[in-house]
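# Structural characterization, general
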Amino acid sequence: MIVIVATFKAKAGMEKELEEGLVSVVPDVQQEEGTLMYTVHKSKADPGVFMFYEMYQDKAALEYHSSTPHFKALFGKIAPYLEDQPDIKIFKDIASINRK
């Protein structure tokens, strides 16, 4: 499995707009077969910091996700609200607990 952790920081006063933009893509991503988890988190310490936790079945699923129209549109939609470029890190799952 492939895990992505992506962190986004809103410009001051643009927290709500960034949050709405990030959340808006979730229903479309839910339809992607190889996307196992796609969760948006909001920092308790800083309401302008958001994090995606994403899990993909394999490299093909991640590549498919990255090629979708909704993924491409997301960055255009949220760009005006971002303070900096997103911090995106890719991980390989090596151990986990799944209670679902």
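Residues numbered from 1 in each chain as written. Predicted model: local features only at pLDDT ≥ 70, side-chain atom pairs only at ≥ 80, totals over all residues. Heavy atoms only, no water.

### Some points on the sheet that holds strand β4 (residues 87-92)
Taken in spatial order, the 4 strands line up as β2-β3-β1-β4 in an open sheet, and their pairing is antiparallel. The open sheet is flanked by β2 (35-42) and β4, the only strands paired with a single partner. Neighbour-to-neighbour, the strand axes of the sheet open up by a mean angle of 15°, direction not taken into account. In terms of strand pairing, β2 meets strand β3 (residues 49-56) through 7 bridges, oriented antiparallel. Paired with Thr39 across the bridge in β3 is Tyr53. Across the sheet, helix α3 (residues 59-67) touches β1 (2-9), β2 and β3, and the angle it forms with β3 is around 135°. (Pairing = 2+ DSSP bridges. Helix = DSSP H or I, 4+ residues; strand = E, 2+ residues; numbered from the N terminus. Axes fitted to C-alpha atoms, helices over the stretch in contact; angles between N-to-C directions. Contact = heavy atoms within 4.5 Å.)

### Things to note about the nonpolar core
Counting residues in hydrophobic clusters, the biggest one holds 18 residues, and the most contacted among them are Phe8, Leu18, Leu22, Phe52, Tyr56 and Ile78. For this core, the secondary-structure elements that each account for two or more residues are β1, α1 (15-24), β3, α3 and α4 (69-78). Considering every element that reaches this core, the biggest residue donor is β1, with 4 residues. Each residue touching Phe52, except ones within four places of it in the same chain, is listed here: Ile4, Val5, Ala6, Phe8, Leu22, Val25, Tyr38, Thr39, Val40 and Leu74. (Core = buried A, V, L, I, M, F, W, Y, C linked by side-chain atoms within 4.5 Å. Buried < 20%, exposed > 50% of the residue type's maximum accessible area, 1.4 Å probe, protein only.)

### As for the pairing of β1
Where β1 meets β3, 8 bridges bridge the pair, whose relative direction is antiparallel. Across the sheet, residue Phe8 finds its bridge partner in β3, namely Phe50. Strand direction decides the pairing type here: β1 and β4, joined by 6 bridges, are antiparallel. Across the sheet, Ile4 pairs through a bridge with Ile90, a residue of β4.

### A look at α4
Taken together, the buried positions of α4 are His70, Leu74 and Ile78. Projected down its long axis, α4 shows its buried positions confined to an angular sector of 55°, all on one face. Within α4, the exposed residues directed more than 90 degrees away from the buried face are Pro69, Lys72 and Gly76. Here the buried face of α4 lies against β1, α1, α2 (26-29) and β3. (Arc of directions from axis to C-beta.)

### Overview of the packing of α1 against α4
It is the contact of α1 with α4, at a shortest axis distance of 10 Å, that shows an interaxial angle of 175°. Here α1 lies roughly antiparallel to α4, going by the angle between them. Contacts between α1 and α4 involve Leu18, Gly21, Leu22 and Ser24 from the former and Leu74, Lys77 and Ile78 from the latter. In terms of residue class, the contact of α1 with α4 is built from 4 nonpolar, 2 polar and 1 charged. (Parallel < 35°, antiparallel > 145°, perpendicular 65-115°, else oblique. Nonpolar A, V, L, I, M, F, W, Y, C, P; charged D, E, K, R; others polar.)

### Focus: the pattern of salt bridges
One pass over the structure, following the stated rule, counts 5 salt bridges. The partner of Lys42 in a salt bridge is Glu19, and the shortest N-O contact between them spans 3.0 Å. Taken together, the residues Lys42 in strand β2 and Glu19 in helix α1 connect sequence positions 23 residues apart. The partly exposed category is assigned to Glu19, whose relative accessible area is 30%. (Salt bridge = Lys/Arg side-chain N within 4 Å of Asp/Glu carboxyl O.)

Such coordinate-based values are descriptive only and should not be taken to indicate function.
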